[in-house]
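Coordinate analysis (summary)
These are the residues of each chain, in order.
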Amino acid sequence: MKIGITCYPTYGGSGAMATELGIALAQRGHEVHFITYAQPFRLPSFLPGVFFHEVDVGRYPLFEYPPYDLALAVRMHEVVRSHGLDLLHVHYAIPHATSAWIAREMLRENGHDVTVITTLHGTDITIVGQDRSFHAITKFSIEKSDRITAVSQYLRDETFFAFGCAGCEVEVIHNFVDPRVYNRMRYTPLLRDQMAGKRVVMHISNFRPVKRVRDVVRIFAGIEQEVPSVLVMVGDGPERSEAEDEARLLGITDQMHFLGKIDSVAPLLASADLFLLPSEKESFGLSALEALASGVPVVGCRTGGLPEVVRDGETGVLRDVGDVEAMAQGGIALLRDEARWQAFSTLAARDARERFGQDAIVLQYEDLYARALGAKAPLVAPGGAPA
Ligand code: GMT
């Protein structure tokens, strides 16, 4: 198949997932075209079967807000025509599903067609899409997609709750992880070796308010009082200074390390003993899955889609949002009991592979593509002949 993929190419779980999917599809013999404003961060410079088409928004003094969504639609239209794409798979509804709809309408004007598949990732439904400025266009664009998927059952339910989407089918296809990459046996635990016998607690995110990074620091402060440990913060974003403030306030700056943005986190996770993800709401929590696959138990909140990923009491500890004390206690209990930690770690890696292994989930996407293409009636030109 010839597949166009559009996603946010900079840091973030939806872009990471879309890129890994594209790479896996190319390895399975498909031709994959990324159409976006920058090369996706997880995409190496060259891979057989993978192509990148940059969207140029252009600049014009009149445009205070250059219309990216229109430039994207035009590029999609162009790439579908010039490369004969079968489908456009867009990740994150806004504005990608809208641009894909425009591109498809433009194609239809000329007797062509393309199948549009939208994967909902999280805040496109739970936050941005529910903003008054975007609600109607999000609902419209979802409903106009040929197929819709959501990365968790929770997100599927939220989509119906927030948008109604009468007559829509939303299939759950979970995020996935490549167990060949996320495997602690594969890497030398360099980070741990530097920490002088202390346990390594880790957080990876884009440091947005939804991640509650102050809670990350508070949970760690509780753990650190009982178990000699360090907190490694990976990523960057608007709330980083909040985390630094909290660390200063609690007097634990020396035990914290901010590594900034790092593309390849699997070698770091191989050094971690505990992963903290106390977000307000995660539709899935891809970073938690990557931690679990690396044999790192997760401490987080029992909201959103995280309980679909982390098994409370078996592969991690889930408590109420904001209950930093309970999350710290859960972490301490695990770090103090080596046999228990080992049991959680082993099951985490196994469960992640069994339920969210890349190969099986990529097959689910392939199956969806085949069904979506099979369901399309061939276009009929005005004279009755196929277009
Ligand atoms: O929705 C977002 O906040 C952005 C998105 C991203 O690009 O990072 O994150 C969402 O998609 C990920 C991949 O499917 C999920 O693992 C994250 O849980 C989800 N984020 C939220 O729901 C906050």
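Residues numbered from 1 in each chain as written. Predicted model: local features only at pLDDT ≥ 70, side-chain atom pairs only at ≥ 80, totals over all residues. Heavy atoms only, no water.

Right, let's get into the nonpolar core. Of all hydrophobic cores here, the largest spans 76 residues; its most connected members are Met202 and Phe275. Built from parts of two domains, this core gets at least three residues from each of domain 1 (2-176 + 358-375) and domain 2 (184-356). In contact with methionine 202, other than residues within four places in its own chain, are Leu191, Leu231, Val232, Val234, Leu268, Leu269, Ala272, Leu274, Phe275 and Leu276. With 29 residues, the next largest nonpolar core counts Val227, Met256, Leu274 and Ala328 among its residues. (Core = buried A, V, L, I, M, F, W, Y, C linked by side-chain atoms within 4.5 Å. Buried < 20%, exposed > 50% of the residue type's maximum accessible area, 1.4 Å probe, protein only. Domains from an automatic or database assignment. Contact = heavy atoms within 4.5 Å.)

What follows covers the pattern of salt bridges. Counting across every chain of the model gives 32 salt bridges. Here arginine 42 and glutamate 20 are joined by a salt bridge, their closest N and O atoms 2.8 Å apart. Here arginine 42 is found in the loop between strand S2 (31-36) and strand S3 (50-54), whereas its partner glutamate 20 is found in helix H1 (residues 13-27), with 22 residues between them in sequence. The class of arginine 42 is buried, set by a relative accessible area of 17%. Among the residues examined, glutamate 20 registers a relative accessible area of 21% and is labelled partly exposed. Between arginine 28 and glutamate 366 there is a salt bridge, with the nearest N and O atoms lying 2.9 Å from each other. Taken as a pair, arginine 28 in the loop between H1 and S2 and glutamate 366 in helix H15 (residues 358-374) lie far apart in primary sequence, 338 residues in all. (Salt bridge = Lys/Arg side-chain N within 4 Å of Asp/Glu carboxyl O. Helix = DSSP H or I, 4+ residues; strand = E, 2+ residues; numbered from the N terminus.)

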